[in-house]
Amino acid sequence: METIEPLVFFGQISSNEFEGSPAYLESLKHNFIADQATGLIEARPHPEEQLFFLFAGGDLVGTYRHRDNQSQPIAEKQAGIGWTTPTIPIQLITLSEVAGRVVWLRLESTVAERRQISGPDGWQALLATLHAQQFTGQVHLRSSACDALVLFWEGEPVPTETVSSTPRGFEVGLAALSTHLVGPVQIVLTTFLPEHPSAQYCALRLSAARMTKKMLERYANLAGQRLLQILNDDLNRMISTWHWRMRLNGSELLDRHFFARLEDATHAYTLILQTMRQRIQATIGNMLMDNLLQETQTHLSPTLRTFLKMRNLLAA
């Protein structure tokens, strides 16, 4: 029989814990909205059940019920059904934008396998196994000194979609896993479906970053670094008017934004890629632009192209 375990995020990050009523829970949600905060509220109406309310910049991303090792999205108004006590345990955790994104993906993923590894050597062996399997999904690690959510795409870990919690706080990237994974480490492998909003959003982020890098590297070869810098400056000015936590740095799209709605994310990446294409086309001409766009999209993996077609982003 499978062991039923609570879902715990980033155990090294300090959190606020309370006993509260449904009315108190509502007040906490309103505080997230008023403060335009990104974070997670966990409530436990029953010992075997957890409720999660995920916020991005003050917007409610979703409400999830976690039971029997799986999370399911529910309507917010359903969260208070079936409470049998006047107060329940409630926990608050403030998240970085990137941490919020990876938590959303975890909440919408399905547990595929559980295992235990030992320290950095065990982690390196797991990396080799997942590479050989061409694993696409998320790895949830828990240890005494470091918890982490690591995205794998077709066997490769994605540093920009990896968040660890250590006594120093949140860290993005893989470096913390090499220094803080000590002793036994609990591992949960999860997978996601293309129709899940968090998975589509993840694919949009990866695709936009990879298309940008390929397109701008090629543009720099054709037009030179000075024109690339001018394009960077123009696009960064446009991005800043939307207050997105993104910017271009050379050929890299540095993306720390957490969109609460998939439609908003689609609009943002489409606008960035369309504007980039228009500015480049004005410089190098239609024929070279068509070739560049074809090269860029061919560079994407079939899995990413499948996700992009679902959002019509390949037409950008």
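The structure we're discussing is the one just above.
Residues numbered from 1 in each chain as written. Predicted model: local features only at pLDDT ≥ 70, side-chain atom pairs only at ≥ 80, totals over all residues. Heavy atoms only, no water.

Visitor: Talk me through the pattern of salt bridges; I want residue IDs and the actual numbers.
Guide: According to the stated counting rule, one finds 17 salt bridges in the structure shown. The shortest N-O distance in the salt bridge between E97 and R245 comes to 3.6 Å. One end of the pair, E97, is in helix α2 (residues 97-107); the other, R245, is in the loop between α6 (225-241) and β13 (246-249), and 148 residues separate them in sequence. The class of R245 is partly exposed, set by a relative accessible area of 45%. We note a salt bridge from K213 to E252, for which the minimum N-O separation is 2.7 Å. (Salt bridge = Lys/Arg side-chain N within 4 Å of Asp/Glu carboxyl O. Helix = DSSP H or I, 4+ residues; strand = E, 2+ residues; numbered from the N terminus. Buried < 20%, exposed > 50% of the residue type's maximum accessible area, 1.4 Å probe, protein only.)

Visitor: Mind laying out the sheet that holds strand β11 (residues 169-172), listing which residues take part and the relevant values?
Guide: Spatially, 6 strands are ordered β7-β12-β8-β9-β10-β11 in an open sheet, and the strand pairing comes out antiparallel. Each edge of the open sheet is held by one strand with a lone partner, namely β7 (110-118) and β11. Neighbouring strand axes in the sheet, compared pairwise and without regard to direction, differ in orientation by 15 degrees on average. Of the pairings in the sheet, the one linking strand β9 (residues 147-153) to strand β10 (residues 156-166) comprises 6 bridges and is antiparallel in character. Paired with L149 across the two strands is V163, which belongs to β10. Packed on one face of the sheet, α2 meets β7, β8 (137-142), β9, β10, β11 and β12 (184-191) and runs near 105 degrees to β10. (Pairing = 2+ DSSP bridges. Axes fitted to C-alpha atoms, helices over the stretch in contact; angles between N-to-C directions. Contact = heavy atoms within 4.5 Å.)

Visitor: Hey, could you go over helix α7 (residues 262-284) for me, with residue numbers and the actual values?
Guide: Here α7 is 23 residues long and its end C-alpha atoms lie 33 Å apart, about the 33 Å a rise of 1.5 Å per residue gives. Turning to α7, its buried residues are L262, A265, T266, A268, Y269, T270, I272, L273, T275, M276, I280 and I284. Along its buried surface, α7 packs onto α5 (197-223), α6, β13, β14 (252-255) and α8 (286-298). Following α7 by one or two positions, G285 has its phi on the positive side, about 95 degrees. (Expected span 1.5 Å × (residues − 1).)

Visitor: Run through the sheet that holds strand β5 (residues 70-74), naming residues and quoting values.
Guide: The antiparallel open sheet is built from 6 strands, whose spatial order is β1-β6-β2-β3-β4-β5. Each end of this open sheet is capped by a strand with a single partner; those strands are β1 (16-20) and β5. Going across the sheet, the axis of each strand differs from the next one's by a mean of 25 degrees, ignoring polarity. Bridge count between strand β2 (residues 39-46) and strand β6 (residues 88-94): 5 bridges; the pairing is antiparallel.

Visitor: Explain the nonpolar core to me, using residue names and the numbers behind them.
Guide: Ranked by size, the top nonpolar core spans 65 residues in total, and within it F10, W153 and I280 carry the most contacts. At 12 residues, the largest contribution of residues to this core is made by α5. Discounting residues that sit within four places of it in the chain, I280 has contacts with M215, L216, Y219, L231, G285, M289 and L292. Within the second largest apolar cluster, 17 residues are counted, among which are I117, F135, L141 and V150. (Core = buried A, V, L, I, M, F, W, Y, C linked by side-chain atoms within 4.5 Å.)

Visitor: Explain unusual backbone geometry to me, using residue names and the numbers behind them.
Guide: Of note in the backbone geometry, D68 takes a positive phi value of approximately 55 degrees without being a glycine. As for its placement among the helices and strands, D68 is situated in the loop between β4 (59-67) and β5. When its relative accessible area of 51% is taken as the criterion, D68 is described as exposed. The phi torsion at H243 lies on the positive side, around 60 degrees, for a residue other than glycine.

Visitor: Talk me through the packing of α5 against α6; I want residue IDs and the actual numbers.
Guide: Here α5 crosses α6 at 135 degrees, and the two axes come no closer than 7 Å. Between α5 and α6, the interaxial angle falls into the category oblique. Two secondary-structure elements touch here, α5 through L216, Y219, A220 and A223 and α6 through Q225, L227, L228, L231 and N232. For the contact of α5 with α6, the residue count by class is 7 nonpolar, 2 polar and no charged. (Parallel < 35°, antiparallel > 145°, perpendicular 65-115°, else oblique. Nonpolar A, V, L, I, M, F, W, Y, C, P; charged D, E, K, R; others polar.)

Visitor: Outline the state of the cysteines, supporting the account with residue identities and numerical values.
Guide: Under the criterion given, the structure shown has 0 disulfides. Cysteine C202 shares no disulfide, and the gap to the nearest cysteine sulfur, in C146, comes to 19 Å. (Disulfide = S-S within 2.5 Å.)

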